[in-house]
Amino acid sequence: MNVLVTGGAGFIGSHAILRLMEDGHTVTSIDDFSRGNRGAIAALRAVGPFEFVEGDVGDRALMATLMRDRGIDLVMHFAAKAYVGESMDIPLTYYATNTSASIALLQAMDDAGVERIVFSSTCASYGEPPADRVPIREDCPQRPINPYGYSKWFVERVLFDHGRAKREAGRPFGFACLRYFNVAGNDQKSRLGEDHRPETHLIPICLEAALGHRKSITVFGTDYATPDGTCIRDYVHVSDLIDAHITVMSALGPGDERTYNIGIGDGSSVREVIEATRDVTGRAFEVIEGPRRAGDPPMLYADSSKIRDELGWVAKHTDLRGIIDDAWRWRQVHPHGYGEQ
Ligand code: UDP
């Protein structure tokens, strides 16, 4: 299949390119390097050939030309900004990058006659679900509590409206919204890793502390209504997440409207992640108990039985220590990440 991967220099997009190449697909990717790593593209070039364009996913004319020229069959749309805390500070940037650019991309797909997309959505679209709705099913009401969650949820809304209109016009459009929980780990041959600039994610921050690159780690809130007072998240291995994309891509037909939660179905608290990192790395680091971070819901973990029942996908990596171990192996070889920017 001819697949366009937006955000291919990012953590998840780069893993998608790797897997698509390994499976024999033809890959075209675009990234503006506002968040991604040039080092990820270099690492991928060592694995196999793919077309890469440095540019803006929100540039409708550029994207339409690219998709026409490359004969794209399906888009995997990863390009986005994804920090909850940052989205509280610069909401317009989140709506521009995540929502407006996605609309421009859909217009470009329409211009180029590309009829299928797998969209990276988020569990942040559920906001703060009541305790009796956790584990979270896809029919849980979506009530985001931060601009990041809204910026993605709006795109879901757009996709449903666009899909209906295309269906009524007799040109069925297939889309899937994959609502990711917390993605971690990296490819097990350590060719790619997780390296955000700035880094805000818990597991990479713990690993940087273990490496001595950070003096300490701060726990954002210890007074949540959870067993140990810290937030609970569902950490899903990036290889499993990409596996879900491949599974969905193969199943996605004309007129499909699919939404799936992608998680392991179990949650780990911030304290449990810190403890697991200490075990895996064998290194101690200072932990400071700090105030809550704005926009953080206390508990998010998935009920992923819908994608299991419909498409047979289940997460293979369900052990938090194993997921951290994969990330740690890459970090040991790349102590400064991709070492650039
Ligand atoms: N967290 C923390 N300290 C940090 C970074 C994150 O306590 O330095 C917490 C954060 O408040 C959340 C959890 O770890 O409860 C996961 O945060 P992350 O940013 O990794 O992912 P998110 O859930 O925001 O997508």
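Structure shown above.
Residues numbered from 1 in each chain as written. Predicted model: local features only at pLDDT ≥ 70, side-chain atom pairs only at ≥ 80, totals over all residues. Heavy atoms only, no water.

Peer 1: Would you take a moment to explain the site of the ligand for this structure?
Peer 2: If you check the shell around the ligand, you find 14 residues, and the closest are Leu202, Thr218, Arg233, Arg293 and Asp296. At a separation of 2.9 Å, an oxygen atom of the ligand approaches a polar side-chain atom of Asn182. A distance of 3.4 Å separates an oxygen atom of the ligand from a polar backbone atom of Thr200. Considering the ligand on its own, with 520 Å² of exposed area, one finds that the protein chains cover 90% of that surface. With 3 residues, strand S8 (residues 216-220) is the largest single contributor of residues to the shell around the ligand. Among the residues making up the shell around the ligand, the classes are represented as 7 nonpolar, 4 polar and 3 charged. (Near = heavy atom within 4 Å. Polar contact = N/O pair within 3.5 Å; in protein donor to acceptor, adjacent residues only side chain to side chain. Areas by Shrake-Rupley, 256 points an atom, 1.4 Å probe, with all protein chains shown as cover. Helix = DSSP H or I, 4+ residues; strand = E, 2+ residues; numbered from the N terminus. Nonpolar A, V, L, I, M, F, W, Y, C, P; charged D, E, K, R; others polar.)

Peer 1: Explanation requested: the pattern of salt bridges in the structure shown.
Peer 2: Pairing between side chains of opposite charge can happen when the charged atoms of each approach one another. Under the criterion given, the structure shown has 32 salt bridges. Put simply, Arg70 and Glu51 hold a salt bridge, and the shortest N to O gap is 3.6 Å. You can see Arg70 sitting in helix H3 (residues 60-70) and its partner Glu51 sitting in strand S3 (residues 51-54), a full 19 residues away along the chain. Its relative accessible area of 25% is what places Arg70 among the partly exposed residues. Relative accessible area serves as the criterion here: at 34%, Glu51 is assigned to the partly exposed category. Look at the salt bridges and you will find they share partners, linking Arg19, Asp23, Asp243 and Lys316 into a network. (Salt bridge = Lys/Arg side-chain N within 4 Å of Asp/Glu carboxyl O. Buried < 20%, exposed > 50% of the residue type's maximum accessible area, 1.4 Å probe, protein only.)

Peer 1: What's the story with the packing of helix H9 (residues 270-281) against helix H11 (residues 320-333) in this structure? I'm lost.
Peer 2: For any two helices packed against each other, the geometry is given by the interaxial angle and the distance between the axes. Between H9 and H11, the least distance of the axes is 9 Å, while the angle of their chain directions is 60 degrees. As the angle between them shows, H9 and H11 are arranged oblique. Crossing handedness for the pair H9 and H11: right-handed. Facing H9, whose interface residues are Glu272, Val273, Glu275, Ala276, Thr277, Asp279, Val280 and Thr281, H11 presents Leu320, Arg321, Ile324, Asp325 and Trp328. (Axes fitted to C-alpha atoms, helices over the stretch in contact; angles between N-to-C directions. Parallel < 35°, antiparallel > 145°, perpendicular 65-115°, else oblique. Left-handed = near helix turned anticlockwise from the far one by under 90°. Contact = heavy atoms within 4.5 Å.)

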